[in-house]
Amino acid sequence: MLKIKNYILEQKLKNPKEPFCAYLYDCSALREHVIQVKRSLPDGCQLFYAVKANSQAKIIETLAPLVDGFEVASYGEIEKVRAIDSNIPLIFGGPAKTDAELRGAIEKKVRYIHVESLHELYRLHEIASSLEAKVSILLRVNLHSPLPSGQLQMAGKATQFGIDESQIPNVLEKLKEMSFLQLHGFHFHSMSNNLDEEAHVRFVSLCIEKAQQWAMDYDVPLSVVNVGGGIGVNYNEVDQQFHWSDFTNQLKQVLKEKEPCPGIYFECGRFLTAACGYYAVEVLDIKQNHGKWFAVVRGGSHHFRLPAAWKHSHPFAVLAIDHWSYPFPRMEISQVPATVAGELCTPNDVLAREVKVERLRLGDIFIFQYAGAYGWDISHHDFLSHPYPEMIFLE
Ligand SMILES: *Cc1c(COP(=O)(O)O)cnc(C)c1O
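Rules used in this analysis
- Residues numbered from 1 in each chain as written.
- Predicted model: local features only at pLDDT ≥ 70, side-chain atom pairs only at ≥ 80, totals over all residues.
- Heavy atoms only, no water.
- Helix = DSSP H or I, 4+ residues; strand = E, 2+ residues; numbered from the N terminus.
- Rg over C-alpha atoms; globule rule 2.2 N^0.38 Å.
- Buried < 20%, exposed > 50% of the residue type's maximum accessible area, 1.4 Å probe, protein only.
- Contact = heavy atoms within 4.5 Å.
- Areas by Shrake-Rupley, 256 points an atom, 1.4 Å probe, with all protein chains shown as cover.
- Lys, Arg positive; Asp, Glu negative; His and termini not counted.
- Charge placed at Lys NZ, Arg CZ, Asp CG, Glu CD.
- Near = heavy atom within 4 Å.
- Polar contact = N/O pair within 3.5 Å; in protein donor to acceptor, adjacent residues only side chain to side chain.
- Nonpolar A, V, L, I, M, F, W, Y, C, P; charged D, E, K, R; others polar.
- Axes fitted to C-alpha atoms, helices over the stretch in contact; angles between N-to-C directions.
- Parallel < 35°, antiparallel > 145°, perpendicular 65-115°, else oblique.
- Left-handed = near helix turned anticlockwise from the far one by under 90°.
- Disulfide = S-S within 2.5 Å.
- Phe/Tyr/Trp six-rings, centres within 6.5 Å; stacked < 30°, edge-to-face > 60°.
- Lys NZ or Arg CZ within 6 Å of the ring centre and 35° of its normal.

Per the secondary structure count, the protein chain includes 11 helices and 19 strands. Over its C-alpha trace the protein chain gives a radius of gyration of 23 Å, about what one expects of a compact globule, namely 21 Å for 395 residues. Viewed in the frame of its principal axes, the protein chain has a C-alpha envelope of about 80 × 40 × 40 Å. Residue burial in the protein chain is summarised as follows: out of 395 residues, 55% are buried. Across the protein chain, the fraction of contacts at a sequence separation of at least 24, relative to all contacts at a separation of at least 6, is 72%. Working note: accessible area of the protein chain is about 17,500 Å², and carbon and sulfur atoms make up 50% of it. Of the side-chain charges in the protein chain, 39 are positive and 47 negative, and the distance between the mean point of each set is 3 Å.

Set out below in structure tokens:
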């Protein structure tokens, strides 16, 4: 954070009149975090990065030498990664793949395609045989068992994702006649933003048990169990984060009990990139309406939709800026709850609601933390046609 603050202060000195609005990424912090995450994984585990969390070229470039590969969810993401690395392993999922995407994925040599339905399986086999290509797949399963809860739930209930657990036997039968498809295992990504380490260990354990059972009952090969991503970031209590090392220590035990264990793939997004990113915006106005304080900033949910989408107050720090260039007094509030609103013409453009600020003046800068995942990438950038934030990557 210090590095980020110093950079902003430097920029404001150079250009005091330009309202500050930027995403800032600490690339060395990202590198250290991912090295640490990967180092503590048990043997036999591989770490993939889910590109949709943040698909900036510089982020992909920083991660490429550190992860085992990338999880991609569209042909566009395949191209983004391949523009940076023509060989790194890719695994390709998503509920609505077109024929062109499936063909493109085969041509771009993805390692596995995660098949999401029986119809998709038929289509993929058709395409594979027309190209005379042997295609390696995992079946994406929507499990029935109670699964750990997260902010978003992709399986364990009725959703558009994966193949219903009860239909796996039928799909495995059909697969036996599809000579161009080679099954390697199962894919289970089921939730996002789980903060409970023990529940996540139980989830991984369940995935392995299910996969091993199917492999035995239906005599199919099993070399990979992909347990997806879903490791959470605590936006409400920032000092209580998911304890990755507790998780991996317990996981080591579980994997030992399940030997011989297939390879375990993780495809994490949020947990890898959230912490390295900051969204910093300057206070343009302070006002009181109906008895409540509002700080209005240059920026908002069109750059950083996450807090509006999840209806939470996003954690922030206030950076005091000393410069004041107007000939009239500078507005200031202190020790009061304030709502941080953006520049859009909608009351939904709120980044934090009624959060107590120690001291806030016009021209100060809010620095929103944990903005490196599902920040810029999920936002509606062009609504109202305001300028984009600067994208700054610090070493
Ligand atoms: C989004 C997604 C991920 C990454 O999820 P996180 O919660 O960011 O870790 C992994 N796998 C699939 C299939 C996804 O759709």
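With that settled, the discussion passes to the site of the ligand. Surveying the vicinity of the ligand reveals 14 residues, the closest of which are Lys52, Ser192, Glu267, Arg270 and Tyr374. The contact in question runs from an oxygen atom of the ligand to an N or O atom on the backbone of Gly269, over 3.0 Å. For the ligand, the protein covers 92% of the area, taking 390 Å² as the surface of the free molecule. A per-class count over the shell around the ligand returns three nonpolar, six polar and five charged.

Next up on the list: the packing of helix α6 (residues 118–131) against helix α7 (residues 168–175). Running from amino to carboxyl end, α6 crosses α7 at an angle of 15°, the nearest separation of the two axes being 11 Å. With respect to α7, the axis of α6 lies roughly parallel. Judged by the sense of rotation from one axis to the other, the crossing of α6 with α7 is right-handed. Between α6 and α7, the residues in contact are Leu118, Leu121 and Tyr122 and Asn170, Val171, Lys174 and Leu175, respectively. Residues of the contact of α6 with α7, tallied by class, amount to five nonpolar, one polar and one charged.

What follows concerns the state of the cysteines. For the structure on display, the rule yields zero disulfides. Free cysteine Cys27: the closest other cysteine sulfur is in Cys276, separated by 6.8 Å. The class for Cys27 is buried, based on a relative accessible area of 1%.

Time to look at the packing of aromatic side chains. Tallying each qualifying case throughout the model produces 26 aromatic pairs. Ring centres 6.0 Å apart and planes at 70° place the aromatic pair Phe242 and Phe271 in the edge-to-face group. Of this pair, Phe242 sits in the loop between β11 (224–226) and α9 (244–257) while Phe271 sits in helix α10 (residues 270–273), and the two are 29 residues apart along the sequence. Take Phe242 and Phe271: they sit in the same class, and that class is buried. One aromatic cluster is present, formed by Tyr23, Tyr25, Tyr279, Phe304, Phe316, Phe366, Phe368, Trp376, Tyr388 and Phe393 through successive ring pairs. Note that Lys97 overlies the ring of Phe92, its terminal NZ or CZ placed 5.9 Å from the centroid.

Such coordinate-based values are descriptive only and should not be taken to indicate function.
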